[in-house]
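Listed below, chain by chain, are the residues.
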Amino acid sequence: MAAPTQYSQEEVEELREAFSKIDVDSNGFITTNELNDLFKAANFSLPGYRIREIVQNLMSAGDLNNDGQISFDEFINVVHGLKSTEVAKTFRKAINKKEGICAIGGTSEQSSVGTQHSYSEEEKYAFVNWVNTKLERDPDCKHVLPMDPNTDDLFSAVGDGIVLCKMINLSVPDTIDERTINKKKLTPFTIQENLNLALNSASAIGCHVVNIGAVDLKEGKPYLVLGLLWQVIKIGLFADIEISRNEALIALLRDGESLEDLMKLSPEELLLRWANYHLENAGCNKVNNFSSDIKDSKAYYQLLSQIAPKGEEDGIPAIEVDMSGLREQDDVKRAECMLVQAERLGCRQFVTATDVVRGNPKLNLAFVANLFNKYPALQKPENQDIDWSSIEGETREERTFRNWVNSLGVNPRVNHLYGDLADALVIFQLYEKIKVPVEWSRVNKPPYSKLGGNMKKLENCNYAVELGKNKANFSLVGIAGQDLNEGNHKLTLALMWQLMRRYTLNILEDIGGGEKVNDDTIVRWVNQTLSEAGKDTISGFKDGQISTSMPVLNLIDAIQPGSIRYDLLKMEDLSEEEKLNNAKYAISMARKIGARVYALPEDLVEVKPKMVMTVFACLMGRGMKKV
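Described in the following lines is the structure provided in the data block. What you see as residue numbers is a count from 1 along each chain, following the sequence as written. Per-residue local features of the predicted model are confined to residues with pLDDT of at least 70, and side-chain atom pairs are confined, for both listing and counting, to 80 or more; whole-chain, interface and lining totals are unaffected and use all residues. Note that water and hydrogens are dropped before the side-chain values are worked out from all heavy atoms of the structure.

## Describing the overall build of the protein chain
1) Next: For the purposes of this entry, the term helix denotes a DSSP run of H or I that reaches at least four residues, the term strand denotes a run of E that reaches at least two, and both are numbered from the N terminus. A count of helical and extended segments in the protein chain gives 27 helices and four strands.
2) Next: Type-normalised accessible area, obtained with a 1.4 Å probe on protein chains alone, sets the label of each residue: buried when under 20%, exposed when over 50%, and partly exposed for intermediate values. Evaluated residue by residue, the protein chain yields a buried proportion of 53% over its 627 residues.
3) Next: Here, two residues are considered to be in contact whenever any of their heavy atoms come within 4.5 Å of each other. Taking contacts inside the protein chain between residues at least 6 apart in sequence as the whole, the part at least 24 apart equals 61%.
4) Next: When the accessible area of the protein chain is evaluated, it comes to approximately 29,400 Å², of which 47% is carbon and sulfur surface. Computed by Shrake-Rupley with a 1.4 Å probe, the accessible areas treat only the displayed protein chains as cover when residues are assessed.

Spelled out as structure tokens, the structure:
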């Protein structure tokens, strides 16, 4: 049985966006009249009786409490219940044709005839302005920047891979070694390398890039470009919305709440709590979301007023927010006045006045995240009884596993490795990725009740361990469901490693026609490939020479002769810094020739055998493909 349909937070926000396009009067409900207006606005050549039938079908499916209107929760049920029917297709097309949404026919090999992919003009406009601002001083991007947000410049600008590589490094600095980006005299081959580098690096920082290929980016397919770019931008915006990187967030602790409770919150939940913290201080009503609750701009006005510098810090002049725009009667004009004040704070990004009034959830979330990053306006508590030693950032190993899991498109996204695995739902999805069947009828699914909810999660964890032992044949000695449920670091990581290892070996076995692969197989292949190229071999994944990265670089050059620029490398008597420079170059070059490597440069320098094995395995996969 396939995993049940669950909507991630992002998918729910996209549904909310679709809902808001139909809910013209913004009262939180869709009526028959609004559905009729939707189809009229879409300009379909359908007879009136067909439109009436479609509207009646949608109302009968969605209006569960028979009050003559569809709430957002009912709307989610409608979307989930719709199959590939004429009603479904017509409904989707109508939403796509609503102002601000562009619909384009699918042309990829996977797309069936008549498939429609939609993309948002508002998102394109917002992302173009963000990229222009962030890369305006980068000499390597002068050939495509600044882009005009009112045209399709963006979709051609990403075609050579340089802008994407630069944006990835902005979101997660040092992900890509600049020496590996092809910048001059580009050819179809060197462009392909750049796009490989961008896609494999995006995957390594936790972007879900399945079904996106270099050709899609080269052709500038709008829905794929915007989808990837949003993931990259969001990772950068959310990077510091995390307690170990910003201890002042502890100011958001509520009465009776533990530090552990606060640390479990996702970046989206922390942003909402941060906004409400400031709204509370301003004596205003809280907001429940960054869509319908901010449409009148009043919450934004109060938030700007609270976070604007007051002149109390040295070198930071006060900025007074002009609140007179609150008296503006028209929502769009009020929103525009608010954005003028945001501009004075250097924060006019992602949303237009119309995006605010329409309650575009994705762009408003980005707007608030940018406000937080520039002006958190939080003080680290001094007197609270807090165990500061418990606030630890992710280890490299934890980050690698989390990014690997997210790159596979699990739902919900993993923000905190241990807390987000506590109900084992993500683990079950990983089992399916490694071809271990899951009986979903045995799995308890959210929402979990407060009373007995943790027992349901524990039952899931017990089943996850059972699958690992009996179906996956993992070595899980001493690991019980309780260990996963309670987030035992050592034992959870042991399971994660076995999942990642099996996933990697499965890929090699698929490429090799089903032949079983183990560590010895990989070492033999590596040494044979190195020997045939006249290069030194390795003794295994603990070989001390790996700390210089030369075995990895030599293997890359053996797979793609002439790809490594040895003149950029130090090869003997290396300092620790020189070893790290070689490792950064090696990891980026592996990705550039098409190997989806998740390990970090430090793993090579420190010769971490497990991660070293994954690097050689990924390169073996690339070498066996001979593409």
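## Points about the nonpolar core
1) Next: In this description, a nonpolar core means a group of buried Ala, Val, Leu, Ile, Met, Phe, Trp, Tyr and Cys residues linked to one another through side-chain atoms lying within 4.5 Å. Among the nonpolar cores identified, the biggest contains 97 residues, and L154, M167, L228, L271, W274, F290 and F367 are the most heavily contacted of them.
2) Next: Examining the composition of this core, we find that eleven residues originate from one element, helix α11 (residues 222–238), more than from any other.
3) Next: Residues L467, V517, I587 and L619 belong to the second largest nonpolar core, which totals 80 residues.

## A word on the packing of helix α24 (residues 550–559) against helix α25 (residues 576–592)
1) Next: Two elements in contact, α24 and α25, have axes whose closest approach is 9 Å; the angle formed by their N-to-C orientations is 30°. The orientation of α24 relative to α25 falls into the category roughly parallel. Between α24 and α25 lies a crossing whose hand is left-handed. Residues M550, V552, L553 and I556 of α24 pack against N582, Y585, A586, M589 and A590 of α25. As a rule, the C-alpha atoms of each element are fitted with a line to give its axis, helices using only the stretch in contact, and angles between N-to-C directions run from 0 to 180 degrees. Angle categories: roughly parallel below 35 degrees, roughly antiparallel above 145, roughly perpendicular from 65 to 115, and oblique for all the rest. Left-handed describes a crossing in which the near helix is turned anticlockwise from the far one by less than a right angle; the clockwise case is right-handed.

## Some words on the pattern of salt bridges
1) Next: Basic side-chain nitrogens of Lys or Arg form a salt bridge, by our definition, when they fall within 4 Å of a carboxyl oxygen of Asp or Glu. Taken as a whole and assessed by the stated rule, the structure comprises 34 salt bridges.
2) Next: K221 is paired through a salt bridge with D216; the nearest N and O atoms lie 2.9 Å apart.
3) Next: A residue is classified by how much of its surface remains accessible, and K221, at 11% relative accessible area, is buried.
4) Next: Looking at D216, the relative accessible area reads 11%, which means it is buried.

## Thoughts on the side chain of S588
1) Next: Along the polypeptide, S588 turns up in helix α25.
2) Next: Taking relative accessible area as the criterion, S588 reaches 1% and is therefore assigned buried.

## Topic: the layout of surface pockets
If a probe as big as a water molecule is rolled over the atoms, it shows which places are left empty.
1) Next: Here the second largest pocket defines a volume of roughly 960 Å³.
2) Next: Definitions used throughout: a 1 Å grid over protein atoms alone; a cavity as a set of points that fits a 1.4 Å probe which cannot get out; a pocket as an open set with protein on both sides within 12 Å along at least five of seven lines; a lining residue as one with an atom within 4 Å of a point. Around the second largest pocket, the lining comprises 38 residues; the ones closest to its centre are N200, G594, A595, R596 and K625.
3) Next: Counting residues per element, the lining of the second largest pocket draws most heavily on helix α9 (residues 188–204), at seven residues.
4) Next: Each residue belonging to the lining of the second largest pocket can be placed in one class, and the counts come to 19 nonpolar, 13 polar and six charged. Grid points are joined across faces, edges and corners, and a volume is the space filled by probe spheres set on the points. Only Asp, Glu, Lys and Arg are considered charged, only Ala, Val, Leu, Ile, Met, Phe, Trp, Tyr, Cys and Pro nonpolar, and every remaining residue, Gly among them, polar.

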